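Take a look at the letters that make up each chain.
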Amino acid sequence: MQQTQEQVEIVHEEERKGGAWRWWLLALITVAALAFIKIKFFPSQSAEAGKGGGKGAAAGGKGGPGGAGGKGGGQKLPVQVYVVKATSLADEVAATGSILAEESVVIKSEISGKITSLNIREGQPVSKGQLLFSINADEIQSSLRKQEYNIKLFRDQEKRQRILLDKEYISAQEYEQVNNQLLTAQADLQTLRASLAKAYVRAPFAGVLGLTTATVGTYVSPGAEITTLSKVKPVKIDFTVPSRFSSLVRTGDPITITDEASNKKYEAKVYALDPQIDPVSRTQTVRARYANTSNELRPGAFVKVNLQLSQTADALQVPTEAVIPEASGYSVYTVQKGKMVPKKVKIGVRSDRLIQITDGLAVGDSIIRTGILQVKPGDRVSISN
């Protein structure tokens, strides 16, 4: 029985060893099968893996781009520049102005009555003293003749009373009463003649007539507007300048007028200055005159005015787009040794295209005028045409 038990244990031990070998053999067969499938059906992945390993080794030896073996330095940004130079600059004040007639008046009737004659040619020139219209003055003329008769009577009475006074037949008081009647009648005659003159309305100066709605037979009252009369050769130009320039404006200064309708330019001269500054707008009114020989400018028209105050021969100006406004002032981007360098500047006179630089730049400086939003301080730039 004891031998039999030992034999059974030996048999069991051999069976366990045989089972372990079978499991190892099965695992080896499985791995070999998977390797065969990968090599057979996915050869490209294996090749790429091999190449990648080679590249990785090569990269480790040579260094990648941007490393010790790379070029480095970054890409230059293309920009356009403006080279600062001394230029002539006219210090000008831009303003808006209005055209005024040299003389202008509304023709009105001073007395009431019917219009008996009308000599108004609308839009046509008239000479000084020319009769424009007349009003019925029959009553005034009758009163005038009556007063002339009274004056003749009072004059005769005054002569007789003077003779009597010289002979001391009457008192001085009696003579003075008669003489006073004569003087009063003469004053009334002058009043009637003035009223008669008002019935014949004449042009107070040479000019051009406006439009009218009156006709012969129209009854007018005192103050009724009949037409207008304007002298348009020459014309006046009224405009205002800020008070800070008031000390620089002089009579005789030239101005350039731009007509808004035709966009044509005309030259005029300042001839009068308002002695007071407007306390509300802080501006001074300036008046110029233009000959207007061909009726180029019409009264009431709107014009743009440029007043030249001074001339600078060596001003530094840069394009408007090159100046960058900041909270603390203004700056520009310059190019120095191929790199962008910002600079603080102070500005003066400015126009639509150019701005005067009073401090911060020198002749010959290169100012970036394009690509301003893309460059940063220290960036390398390349100048393009």
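No experiment lies behind these values; they were computed from the predicted model shown. (Residues numbered from 1 in each chain as written. Predicted model: local features only at pLDDT ≥ 70, side-chain atom pairs only at ≥ 80, totals over all residues. Heavy atoms only, no water.)

A.B. asks: Just checking my understanding: could you explain the overall build of the protein chain for this structure?
C.D. replies: Of the regular secondary structure elements, the protein chain holds 4 helices and 20 strands. For the protein chain, buried positions account for 29% of its 385 residues. Considering only intrachain contacts with a sequence separation of at least 6, the fraction spanning at least 24 residues in the protein chain is 73%. Carbon and sulfur atoms make up 54% of the accessible area of the protein chain, which totals about 25,400 Å². (Helix = DSSP H or I, 4+ residues; strand = E, 2+ residues; numbered from the N terminus. Buried < 20%, exposed > 50% of the residue type's maximum accessible area, 1.4 Å probe, protein only. Contact = heavy atoms within 4.5 Å. Areas by Shrake-Rupley, 256 points an atom, 1.4 Å probe, with all protein chains shown as cover.)

A.B. asks: For this particular structure, what's the right way to read the pattern of salt bridges?
C.D. replies: Side-chain pairs of opposite charge can arise where the charged atoms are in close proximity. Under the counting rule described, the total for this entry stands at 9 salt bridges. A salt bridge links E158 to R162; its shortest N-O distance comes to 2.5 Å. Residue E158 and its partner R162 are located together in helix α3 (residues 138-166), separated by 4 residues, close to a single helical turn. With relative accessibility at 6%, the residue E158 sits in the buried group. Here D365 ties to K343 by a salt bridge, and the two come within 3.9 Å at their closest N and O atoms. Of the two residues, D365 is situated in the loop between β18 (354-359) and β19 (366-368) and K343 in strand β17 (residues 339-350); the sequence distance between them amounts to 22 residues. (Salt bridge = Lys/Arg side-chain N within 4 Å of Asp/Glu carboxyl O.)

A.B. asks: Any chance you could explain α3 here in plain terms?
C.D. replies: Quick reminder: α-helices carry 3.6 residues per turn. Residues three or four places apart thus point the same way. Counted at 1.5 Å a residue, the expected span for α3 with its 29 residues is 42 Å, and the 42 Å between its end C-alpha atoms agrees. Every buried residue of α3 is accounted for by I140, L144, Q147, I151, F154, E158 and Q161. Those residues of α3 that are buried lie in contact with α4 (172-198). The first or second residue beyond α3 is E168, which carries a positive phi of 60°. (Expected span 1.5 Å × (residues − 1).)

A.B. asks: Please clarify how the packing of aromatic side chains should be interpreted in this entry.
C.D. replies: Given two aromatic rings, their pairing is described by the distance between the two centres and the angle made by the two planes. Within the structure shown, the criterion is met by 1 aromatic pair. Aromatic pair Y266 and Y290: ring centres 5.5 Å apart, planes at 55°, arrangement tilted. Pair noted here: Y266 is in strand β12 (residues 265-273) and Y290 is in strand β13 (residues 283-290), with a separation of 24 residues, a long-range link. Positioned above the aromatic ring of Y271, the side-chain terminus of R289 is 3.8 Å from the ring centre. (Phe/Tyr/Trp six-rings, centres within 6.5 Å; stacked < 30°, edge-to-face > 60°. Lys NZ or Arg CZ within 6 Å of the ring centre and 35° of its normal.)

A.B. asks: What am I meant to see in unusual backbone geometry here?
C.D. replies: With glycine set apart, most residues show a phi of negative sign, and most peptide bonds adopt trans. In this model, K233 is joined to P234 through a cis peptide bond whose omega is 0°. Its place among the elements puts P234 in strand β10 (residues 225-242). Even without being a glycine, N292 presents a positive backbone phi close to 55°. Within the fold, N292 resides in the loop between β13 and β14 (302-319).

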